[in-house]
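So the chains spell out like this:
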Amino acid sequence: MHHMTLTELARGLEAGDFSSRELTTSLLDRIERLDGDINSFVTVTRDQALTAADAADQARAKGESRPLTGLPLAIKDIFCTQGIRTSCGSKMLDNFQAPYNATVVEKLQAAGMISLGKTNMDEFAMGSSNENSFYGPVKNPWDRTAVPGGSSGGSAAAIAAGLAPAALGTDTGGSIRQPAAFCGITGLKPTYGRVSRYGMVAFASSLDQGGPMARSAEDCAHLLGAIAGHDLRDSTSVARVVPDYLAELDAPLDGLKIGLPKEYFGDGLDAEVESAIREAIRVYESLGAKVCEVSLPHTHLAVPAYYVIAPAEASSNLSRYDGVRFGHRCENPVDLEDLYKRSRAEGFGDEVKRRILIGTHTLSEGFFDAYYRKAQQVRRLIRQDFLDAFEEVDVLMGPAAPTPAFDLGAKKDPVSMYLQDIYTIAINLAGIPGISVPAGFAGKRPTEGRPIGLQILGQHFAEGQLLNVAHKFQQATDWHRRHPTDQETT
Amino acid sequence: MAIEHADVLRAAHLARLGLNSDAEAAGYVDDLTRILEMVDRLQAVDTDGIAPLSHPLDTTQRLRPDEVTETNQRDAFQACAPETADGLYLVPRVVE
């Protein structure tokens, strides 16, 4: 049952094939047996999970269960969980227990879901390989010499390895979609403001968005329905009705207009990835969709604009880690400045420091207009590219990443790592939703191949359409049902 | 725009980020130089008359009445602090 979808597990619980305690126990045992090498979890909450599973079983026995009651999932360690460590992958928060729950954590609890624990991630969500974690890198379950992607690499790897049927992730520049692609799972970045950011440790507040990661679009529809919605505690969350995402899933695709941005099929795109994506497009044509080429002319400016805006917002957000109110504090500070400087020097890793320095520099006197203001102007041009394209087509499709998962340790230069997000980053700048779905494999044995992800982009608040379009593909293909073979830790 | 050693030291001080050695600072000068070279592609774009976009939905944030809605949870919030006494956060002496 460890490779079943949430939807299938829900049926099994309802039919009495197994209890929530049995399901939860089985997954916790697998985590203990298999995760030593993969390293997808930072914290496993066995006792709390079993208590919650028992409560779910009792609710079911009393006829009080809801669709998600008793289903387990994992939570990226960026979401605050009361009484359970929230590390954000950083030494800075290694000792931090939040005094409250994130809104999405509360919502999932209210829906009766069971958290198995907190998943590994790039420190403060800064990274595309999960190599920037204080708790060590995560390995790709398909090939242990490859990265799982990042920053939600632990969440993606846990799902691929059969350790959790679903997980929460966050996406600031591709951190749900790229690891979903690298690990052969389905991951949705909702529209900015669709899901509350309250209690989600802030990286870049105008770009961050939480979303579901799972084994199918249908499962993502279940989860998005549970976590989306207006939240008075997040002033950027949008007061807009949450549609019934499940009701839209099966709509036919006849006449769907798909745009292929020509900039997403240019230089630097791996041949095997391109071939898999073109094949996926042919599947859509066979389902009745119409395909045409479109242009997003400012695509080449997305990574440069992002690496001004995201570090600028990060340098401001991360100023809260001062060694005074919570988080790491250095030993024996001689004065207040020494306390700040050494606590932050010891608590933050290299990539986080790099981004704080870029952000502080570009926001400082004499540089602000040339960098920050310029990047925000270009951000408008990038957003307008998408608005123009959606005048002509319903959705856009292309690869989620230019290559399959790369080798652990392969990208030492920060800029080459940043360029890995070339197809995902513009989406966050524009605030639109995007989903990555499994669409094939690259490479041959001795490995099982490395997964390839098809990215589908929609207009603001078109999550229902994206899930529908992804679901129909998954009814016509079985890429999303593949899983790697277990490898026991030796 | 090039970034100098002094710019990195200035940014590190503004961010209250300790750098342990000149070699560490030099490493960041190299990294930031390459990152800002990539970012400098922005300078070639004509953005005259384009308004900066700070919110992806191009809206302003919702306001609420200026009323006290939070209850005092000082003890809970200070439970995760490195050092407190009598409800106060302790830091090294600032004024001699």
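Residues numbered from 1 in each chain as written. Chains lettered and ligands numbered in written order. Predicted model: local features only at pLDDT ≥ 70, side-chain atom pairs only at ≥ 80, totals over all residues. Heavy atoms only, no water.

Of the regular secondary structure elements, chain B holds three helices and two strands. Expected size for 96 residues packed as a compact globule is a radius of gyration near 12 Å; at 22 Å, chain B overshoots this value by more than 25%. Taking as baseline every contact in chain B between residues at least 6 positions apart, the subset at least 24 positions apart corresponds to 31%. Taken together, the 8 basic and 18 acidic charged side chains of chain B have centroids lying 5 Å from each other. (Helix = DSSP H or I, 4+ residues; strand = E, 2+ residues; numbered from the N terminus. Rg over C-alpha atoms; globule rule 2.2 N^0.38 Å. Contact = heavy atoms within 4.5 Å. Lys, Arg positive; Asp, Glu negative; His and termini not counted. Charge placed at Lys NZ, Arg CZ, Asp CG, Glu CD.)

This part covers the UniProt feature "active site" (unreviewed entry) in chain A. All names here are of chain A. UniProt marks Lys 76, Ser 151 and Ser 175 with the feature "active site" (unreviewed entry), using the numbering shown here. Their sequence span is 100 residues, while the largest C-alpha to C-alpha distance among them is just 11.1 Å; these annotated residues converge on one region. In the annotated set above, the residues contributing to the lining of the largest cavity are Ser 175. Summarising the element assignment, Lys 76 is placed in strand 2 (residues 72-76). Note on Lys 76: relative accessible area 0%, which makes it buried. (UniProt positions renumbered as here; feature names shortened; annotations may be inferred. 1 Å grid on protein atoms, 1.4 Å probe; cavity = no way out; pocket = protein on both sides within 12 Å on 5 of 7 lines; lining within 4 Å. Buried < 20%, exposed > 50% of the residue type's maximum accessible area, 1.4 Å probe, protein only.)

So, on to the interface of chain A and chain B. Facing the 73 residues of chain A at the interface are 50 residues of chain B. Among the residues chain A hides against chain B, the three largest losses belong to Leu 357, Tyr 371 and Arg 380 of chain A. Together they make up 13% of the total. Our count for the chain A to chain B interface comes out at six salt bridges. For Lys 353 of chain A, the salt bridge identified is with Glu 24 of chain B, shortest N-O distance 3.8 Å. In this structure, the connection of chain A to chain B is made through 24 residue pairs in polar contact (both at pLDDT 80 or more). Taken together, the elements giving at least two residues each to the side of chain A that touches chain B come down to helix 10 (302-317), helix 11 (336-347), helix 12 (350-363), helix 13 (368-392), helix 14 (414-418) and helix 15 (425-430) of chain A. Element by element, the count of residues in the side of chain A that touches chain B is highest for helix 13 of chain A, at 12 residues. Classifying every residue of the side of chain A that touches chain B by side-chain character gives 36 nonpolar, 19 polar and 18 charged. (Buried area = accessible area lost by both parts, 1.4 Å probe. Salt bridge = Lys/Arg side-chain N within 4 Å of Asp/Glu carboxyl O. Polar contact = N/O pair within 3.5 Å; in protein donor to acceptor, adjacent residues only side chain to side chain. Nonpolar A, V, L, I, M, F, W, Y, C, P; charged D, E, K, R; others polar.)

Residue and element names in this part refer to chain A. An ideal rise of 1.5 Å per residue puts 22 Å on 16 residues; helix 3 (residues 46-61) measures up with 22 Å between its terminal C-alpha atoms. Ala 49, Leu 50, Ala 53, Ala 56, Asp 57, Ala 59 and Arg 60 are the residues of helix 3 that are buried. With its phi angle positive at about 75°, Gly 63 sits one or two positions after the end of helix 3. (Expected span 1.5 Å × (residues − 1).)

Moving on to the layout of surface pockets. Counted as a void, the largest pocket has a volume near 630 Å³. Lining the largest pocket are 22 residues, with Cys 80, Tyr 100, Gly 199, Arg 320 and Phe 326 of chain A positioned closest to its centre. For the lining of the largest pocket, the per-class residue count stands at 14 nonpolar, two polar and six charged. Forming the walls of the second largest pocket are 16 residues, and the residues nearest its centre are Tyr 198, Leu 232 and Arg 233 of chain A together with Thr 69 and Glu 70 of chain B. A class-by-class count of the residues in the lining of the second largest pocket yields six nonpolar, three polar and seven charged. (Points joined across faces, edges and corners; volume = space filled by probe spheres on them.)

A few words on empty space enclosed by the protein. Residues and elements named next belong to chain A. Under the criterion given, the structure shown has three cavities of 30 Å³ or more. When its volume is computed, the largest cavity comes out at roughly 60 Å³. Lining the largest cavity, in full, are Ala 125, Met 126, Gly 127, Ser 128, Thr 172, Gly 173, Ser 175, Phe 203, Tyr 306, Tyr 307, Arg 355 and Asp 421. A volume near 50 Å³ is recorded for the second largest cavity. As for the second largest cavity, its lining consists of Leu 34, Ile 38, Pro 141, Arg 144, Ala 161, Pro 484, Thr 485, Asp 486 and Gln 487. Residue composition of the lining of the second largest cavity, grouped by class: five nonpolar, two polar and two charged.

All names here are of chain A. With an omega of 10°, the peptide bond running from Gly 150 to Ser 151 counts as cis. Unlike most non-glycine residues, Cys 88 shows phi in positive territory, near 55°. Mapping Cys 88 onto the fold places it in the loop between strand 2 and helix 4 (103-110). For Cys 88, a relative accessible area of 0% translates into the label buried.

This part takes up helix 16 (residues 463-476) of chain A. Residue and element names in this part refer to chain A. With 14 residues, helix 16 extends 20 Å between its outermost C-alpha atoms, agreeing within 8% with the 20 Å of an ideal straight helix rising 1.5 Å per residue. With 11 of 14 residues buried, helix 16 lies mostly within the body of the structure. Buried within helix 16 we find Glu 463, Gly 464, Leu 466, Leu 467, Asn 468, Val 469, Ala 470, His 471, Lys 472, Phe 473 and Gln 474.

Here the focus is the sheet that holds strand 5 (residues 186-189) of chain A. Residue and element names in this part refer to chain A. Strand order in the open sheet formed by 11 strands is 1-3-2-4-6-5-10-11-9-7-8, with mixed pairing between adjacent strands. Two strands lie at the open edges of the sheet, namely strand 1 (41-44) and strand 8 (290-294), each paired on one side alone. Here the average twist between neighbouring strands, direction ignored, is 30°. For strand 5 and strand 10 (residues 434-442), the ladder comprises three bridges, and the chain directions are antiparallel. Its bridge partner being in strand 10, Gly 187 is matched across the sheet by Ser 436. The sheet strands contacting helix 7 (residues 217-227) are strand 2, strand 4 (166-171), strand 5 and strand 6 (209-214), and the helix crosses strand 6 at an angle near 145°. Against the sheet, helix 9 (residues 271-286) makes contact with strand 7 (257-261), strand 8, strand 9 (395-399), strand 10 and strand 11 (450-457), and its axis sits at roughly 50° relative to strand 11, the strand it touches most. (Pairing = 2+ DSSP bridges. Axes fitted to C-alpha atoms, helices over the stretch in contact; angles between N-to-C directions.)

On to the packing of helix 10 of chain A against helix 12 of chain A. Residues and elements named next belong to chain A. Direction vectors running N to C along helix 10 and helix 12 enclose 100°, while the axes themselves pass 7 Å from each other. With respect to each other, helix 10 and helix 12 are oriented roughly perpendicular. Together, Tyr 307, Val 308, Pro 311, Ala 312 and Ser 315 of helix 10 and Arg 355, Ile 356, Ile 358, Gly 359, Thr 360, Thr 362 and Leu 363 of helix 12 make up the contact between the two elements. Residues of the contact of helix 10 with helix 12, tallied by class, amount to seven nonpolar, four polar and one charged. (Parallel < 35°, antiparallel > 145°, perpendicular 65-115°, else oblique.)

Moving on to a nonpolar patch on the surface. Residues and elements named next belong to chain B. A cluster of nonpolar side chains, namely Val 91, Val 94 and Val 95, defines an oily patch on the protein surface of about 270 Å² accessible area. By the secondary structure assignment, Val 94 is in the segment after strand 2 (88-89). Taking relative accessible area as the criterion, Val 94 reaches 58% and is therefore assigned exposed. (Patch = residues over 30% accessible without salt bridge, like charges linked within 9 Å, V, L, I, M, F, W, Y side chains within 5 Å. Areas by Shrake-Rupley, 256 points an atom, 1.4 Å probe, with all protein chains shown as cover.)

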